[in-house]
Amino acid sequence: MTAPQETFAIFAGIGATLLLASVIGFLLKKRGAHGQPHGAIDNLNARIRAWWVMVLVIGLAFVFGKAGVIVLFLFVSFFALREFMSLTYTRRGDHDALATSFFIVLPLQYWSVWIGWYGLYSIFIPVYAFLVLPILSALSGDTMRFLERAAKVQWGLMVCVFCISHVPALLTLDIPGFEGRNLLLIVFLVLVVQSSDVLQYIWGKLFGRHNIAPDVSPSKTLEGLIGGVASATAIGAALWWITPFKPWQSALIALAINVMGFLGGLVMSAIKRDRGVKDWGDMIEGHGGMLDRLDSVVFAAPVFFHITRYWWT
Amino acid sequence: MIIDALGGRVLCGFVKALTGARVRWLGCPPAATQRVYYANHTSHGDFALLWACLPPDLRSRTRPVAGADYWGEPGIRSYIANHLIRAVLIERGGGSHAESPIRPMIVAIESGDSLIVFPEGTRNMTDEPLLPFKSGIYHLAQACPQVDFVPVWIENSRRVMPKGRFVPIPLLCTLSVGAPLRPEADEAKAAFLERTRNALLALMPPLQ
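Everything in this summary refers to the structure shown in the same document. (Residues numbered from 1 in each chain as written. Chains lettered and ligands numbered in written order. Predicted model: local features only at pLDDT ≥ 70, side-chain atom pairs only at ≥ 80, totals over all residues.)

In this complex, chain A contributes 15 residues to the contact, which on the side of chain B involves 14 residues. Of all the elements in the fold, those that place two or more residues in the side of chain A that touches chain B are α3 (65-86) and α4 (95-114) of chain A. Along the lines of polarity and charge, the residues of the side of chain A that touches chain B split into five nonpolar, five polar and five charged. (Contact = placed C-beta atoms within 7 Å. Helix = DSSP H or I, 4+ residues; strand = E, 2+ residues; numbered from the N terminus. Nonpolar A, V, L, I, M, F, W, Y, C, P; charged D, E, K, R; others polar.)

Counting along an α-helix, one turn takes 3.6 residues, and residues three or four places apart therefore face a common direction. Residues and elements named next belong to chain A. Between its first and last C-alpha atoms helix α2 (residues 39-63) spans 36 Å; for 25 residues at 1.5 Å apiece the expected length is 36 Å, and the two agree. Those residues of α2 not exposed but buried are Leu 44, Asn 45, Ile 48, Trp 51 and Ala 61. Among the structural elements, α1 (3-32) and α3 are those in contact with the buried residues of α2. Positioned one or two residues after α2, Gly 65 has a phi angle of 65°, which is positive. (Expected span 1.5 Å × (residues − 1). Buried ≥ 20, exposed ≤ 12 C-beta atoms within 10 Å, placed from the backbone.)

Residue and element names in this part refer to chain A. Following both chains from N to C, one finds α1 and α2 inclined at 160°, their axes separated by 9 Å at the closest point. Classified by the angle between their axes, α1 and α2 sit roughly antiparallel to one another. As for the relative orientation of α1 and α2, their crossing is left-handed in sense. Packed against α1, whose contacting residues are Thr 7, Phe 11, Ile 14, Leu 18, Ala 21, Ser 22, Gly 25, Leu 28, Lys 29 and Gly 32, the element α2 presents Ile 41, Leu 44, Asn 45, Ile 48, Trp 51, Trp 52, Val 55, Gly 59 and Phe 62 at the interface. Taken together, the residues of the contact of α1 with α2 break down into 12 nonpolar, six polar and one charged. (Axes fitted to C-alpha atoms, helices over the stretch in contact; angles between N-to-C directions. Parallel < 35°, antiparallel > 145°, perpendicular 65-115°, else oblique. Left-handed = near helix turned anticlockwise from the far one by under 90°.)

Before going further, it helps to spend a moment on the sheet that holds strand β4 (residues 88-90) of chain B. Residues and elements named next belong to chain B. The mixed open sheet is built from seven strands, whose spatial order is β1-β7-β6-β2-β5-β3-β4. The strands lining the two open edges of the sheet, one partner per strand, are β1 (22-25) and β4. The average angle at which neighbouring strand axes cross in this sheet is 25°, direction not considered. Pairing analysis gives three bridges linking strand β3 (residues 62-67) to strand β5 (residues 114-117), with the strands arranged parallel. What sits directly across from Arg 63, in β5, is Leu 115. (Pairing = 2+ DSSP bridges.)

Take the nonpolar core next. Counting 128 residues, the largest nonpolar core has Ala 80, Ile 164, Leu 189 and Ala 301 of chain A together with Leu 50 and Val 152 of chain B as its most contacted members. The greatest single-element share of this core, amounting to 12 residues, is contributed by helix α8 (residues 183-207) of chain A. When sequence neighbours within four positions are dropped, the list of residues in contact with Ile 164 of chain A reads Phe 73, Val 76, Ser 77, Ala 80, Leu 294, Val 298 and Ala 301 of chain A. (Core = buried A, V, L, I, M, F, W, Y, C linked by C-beta atoms within 7 Å.)

Looking now at the packing of α3 of chain A against helix α7 (residues 146-165) of chain A. Between two packed helices, what matters for the description is the angle formed by their axes and the separation of those axes. Residue and element names in this part refer to chain A. Orientation of α3 relative to α7, taken along the N-to-C sense of each, is 165°, at an axis distance of 9 Å. The angle between α3 and α7 falls in the class roughly antiparallel. Handedness of the crossing formed by α3 with α7: right-handed. For the pair formed by α3 and α7, the contact residues are Phe 73, Val 76, Ser 77, Ala 80, Leu 81, Phe 84 and Met 85 on the first element and Gly 156, Val 159, Cys 160, Val 161, Ile 164 and Ser 165 on the second. Residues that form the contact of α3 with α7 fall into these classes: 10 nonpolar, three polar and no charged.

What is shown is where atoms sit, not what they do.
Below you can see the structure in the form of structure tokens.
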């Protein structure tokens, strides 16, 4: 199969899975809840509807190829950064640093991904933004809780812009024998990590007994973790044919990004607990905000990028 | 007129997109009863924000009260205030009669409109969450005892566009609408100001 045919086959598979999920959700609503309002079932159906929208948006971006994907993730980063900074303590003295983050750092990061300048996009935020933004805040003369404010702005950029931009950055990798198929790396990453989230949710709902981190995230259970990561790793292994990896390599990489995704969810939950909120936002019905849906991808993307770059280019 | 209505829509869309504004109607539904929405004030954009967040049918009958010294300036500001938002412009400070700035508000209420007011009287630039209320809201309540006073806490707008800065940052703003209040018979000024101010403070999210 050619790359477009493979992509189409994957999307057809996702569509069939979502159709099955929608039917199950419909039956649950009808039989289980008798058409009455029911918290868990209504949330499940809202999540499934949101998945349809997300898959359609990603599919549309893929139609436009590299440009579509980069613009998509530029907006994803924008919405994520907005959610992060909205929940973060900053002061008037941080205005210039925040304006620079949104209107200069964010577009420049994606521009350097667009032209494939690895030497810039891999260090731009960890080095240059790290140095310049606290300078801007210091120039404002406001020293109250300074280190905390500077650290939070940097953290927001690392999580929402630097890490997320490593998803479209997969398009810039030159993998011998894999030319013209890099979009499939994005399919692999997003599909494996997101199915890990969904399967952890399903395993947890069905068999969850033992809380792993009750203080951080009450919904994460040992049964959900093991069942979800194992089955998502199996999906990753089964998808080896769309990647440059062998089946066993594909399984190992899937395991690595699933574990990173789980731990990423844990870290982002810890931040939410600290800020006293349940969700980052409410732009995705049933899921919460952009960051609620993406927390696992944030932590998995750079690791997946560098594993692939180190051993396959 | 059509241009103004269209301009109003565009302004609403811009404000809502910039701030991702969401409204939590905690204390009352968005009903078309006559109300005075009163809110905390930290940014020049506050009155446009609250106005834009009302449902369209309420918005067309609700007029923000703004200072003539800033929003009366000829040019874009005056156009926005007079034509797009239909603001009630009042003279602040300096007036010799304590009640004179209230007059235009009473006229607006008598003609059936709702109002948006900022009882702190000026933008809050301090680290305090809310300044003491000026007495204007009390005099307004005395003159219009049949109108509901509805507290609205505006979160984050100060960070979108602080004083002296011109590039707005697209942070998410949340508006929390509380339960309506009315002046009680023979309620003293200090008691009414205290009661309305506490009702507004109670809507402040427990963050920081």
